[in-house]
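Coordinate analysis (summary)
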Amino acid sequence: MKDNYRHQGKRKQLVETVRAKGIKDEKVLTAIGKIPRHWFMDSSFEDHAYQDKAFPIAADQTISQPYTVAFQTELLAVEKGDHILEIGTGSGYQTAVLCELGAKVFSIERQQELYKKTKLFLSKIGYRPKYMAFGDGYKGLPDYAPFDKVIVTAGAPFVPKPLLAQLKVGGKLVIPVGENVQVMTLYTRTSAKSFEKKEFGEFRFVPLLEDKN
Ligand code: SAH
């Protein structure tokens, strides 16, 4: 897989675009500047990789807009060694950003085709999430809990209780909540029984789908 000067130049521009839209966390911007986003998309759509927009990938899903990835990651305030649960592996781009920040990533995807493809792909390009699961994100990963951070990368009609339950005290959950339009919501667990909630404007995601089984 190639990553030439043209790709690198466009990526620098993308970083400046994302910065201009208000992202301040230099570690997040560095990660976006480093990861070849065009590798996460079909090569015939390479020209779209460094525009700040979402794009269709396999199985009717999308790779999130770079600004959205940066925004959610900034809200998470990732620290090296954090155990982070990601719901919706998709292309693996967000997973790679979290790995780049030194997190131990646990990621769940409910589309088998994507789960298999992305697992293989990430290891091929040198990203090693701690654990990748084919399953239902609404349930989280109780066997690997508690987590320092949880990030949901699909639009959730409501906040799944298990995701809050699987947070450490002091931990954060970033989740877009809503049916057609989602409000980016940050929950911080302030004690065993209490959570603080903050809202951060509207976004549009593909839906977090419920398991039919
Ligand atoms: N983080 C991804 C975003 C992919 S879009 C990226 O950067 O590319 C959201 C993903 O969530 C899709 O791949 C979709 O299949 C997955 N998804 C939807 N409902 C889910 C569920 N209940 N559990 C796990 N994954 C789910």
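Just above sits the structure.
This text gives an overview of the structure that appears in the document. (Residues numbered from 1 in each chain as written. Predicted model: local features only at pLDDT ≥ 70, side-chain atom pairs only at ≥ 80, totals over all residues. Heavy atoms only, no water.)

Secondary structure assignment for the chain yields six helices and nine strands. Taken over the C-alpha trace, the chain has a radius of gyration of 16 Å; the compact-globule value for 213 residues is 17 Å, and the two agree within 12%. For the chain, the C-alpha atoms occupy an extent of roughly 50 × 35 × 35 Å along the three principal directions. Split by element, the accessible area of the chain, about 10500 Å² in all, is 52% carbon and sulfur. Separation of charge centres in the chain, based on 32 positive and 25 negative side chains, amounts to 3 Å. (Helix = DSSP H or I, 4+ residues; strand = E, 2+ residues; numbered from the N terminus. Rg over C-alpha atoms; globule rule 2.2 N^0.38 Å. Areas by Shrake-Rupley, 256 points an atom, 1.4 Å probe, with all protein chains shown as cover. Lys, Arg positive; Asp, Glu negative; His and termini not counted. Charge placed at Lys NZ, Arg CZ, Asp CG, Glu CD.)

We now examine helix H1 (residues 5–20). Between the first and last C-alpha of H1 there are 23 Å, a value that for 16 residues agrees with the 22 Å anticipated at 1.5 Å per step. Those residues of H1 that sit buried are His7, Arg11, Leu14, Val15 and Val18. Buried residues of H1, viewed axially, fall in a sector of 105 degrees; they line one side. What points out from H1, more than 90 degrees from its buried face, is the exposed set Tyr5, Lys12, Gln13 and Ala20. As for H1, its buried residues are in contact with helix H2 (26–34) and helix H3 (66–76). One side-chain oxygen at the N-terminal end of H1 lies 3.0 Å from the backbone nitrogen of Arg6; it belongs to Asn4. (Expected span 1.5 Å × (residues − 1). Buried < 20%, exposed > 50% of the residue type's maximum accessible area, 1.4 Å probe, protein only. Arc of directions from axis to C-beta. Contact = heavy atoms within 4.5 Å. Polar contact = N/O pair within 3.5 Å; in protein donor to acceptor, adjacent residues only side chain to side chain.)

The next thing to look at is the pattern of salt bridges. As enumerated under the stated definition, the model contains twelve salt bridges in all. Put simply, Glu46 and Arg6 hold a salt bridge, and the shortest N to O gap is 3.2 Å. Of this pair, Glu46 sits in the loop between H2 and strand S1 (55–56) while Arg6 sits in helix H1, and the two are 40 residues apart along the sequence. The partly exposed category is assigned to Arg6, whose relative accessible area is 42%. Across the pair Lys10 and Asp47 runs a salt bridge whose closest N-O atoms are separated by 3.9 Å. Placement of the pair is Lys10 in helix H1 and Asp47 in the loop between H2 and S1, with a sequence separation of 37 residues. On the accessibility criterion, Lys10 (29% relative accessible area) is partly exposed. Members of the salt-bridge network, linked through shared partners, are Arg6, Lys10, Glu46 and Asp47. (Salt bridge = Lys/Arg side-chain N within 4 Å of Asp/Glu carboxyl O.)

Here we come to the nonpolar core. Ranked by internal contacts, the top residues of the largest apolar core, which has 46 residues, are Ile23, Phe40, Tyr93, Leu98 and Leu122. What Tyr93 contacts, discounting residues up to four positions off in sequence, is Ile32, Ile35, Arg37, Phe40, Ile63 and Val69. Judged by nonpolar contacts, the second largest core, of 20 residues, contains Val152, Leu163, Leu167 and Ile175. (Core = buried A, V, L, I, M, F, W, Y, C linked by side-chain atoms within 4.5 Å.)

Here we come to the side chain of Asp52. Tracing the chain through its elements places Asp52 in the loop between H2 and S1. Exposure remark for Asp52: the relative accessible area of 14% places this residue in the buried category. Polar side-chain contacts of Asp52 include one of 2.5 Å to the side chain of Lys21. In this structure the side chain of Asp52 is engaged in a polar contact, spanning 3.2 Å, whose partner is the side chain of Gln65. Apart from the residues within four sequence positions on either side, Asp52 is in contact with Leu14, Thr17, Val18, Lys21, Gln65, Pro66 and Tyr67.

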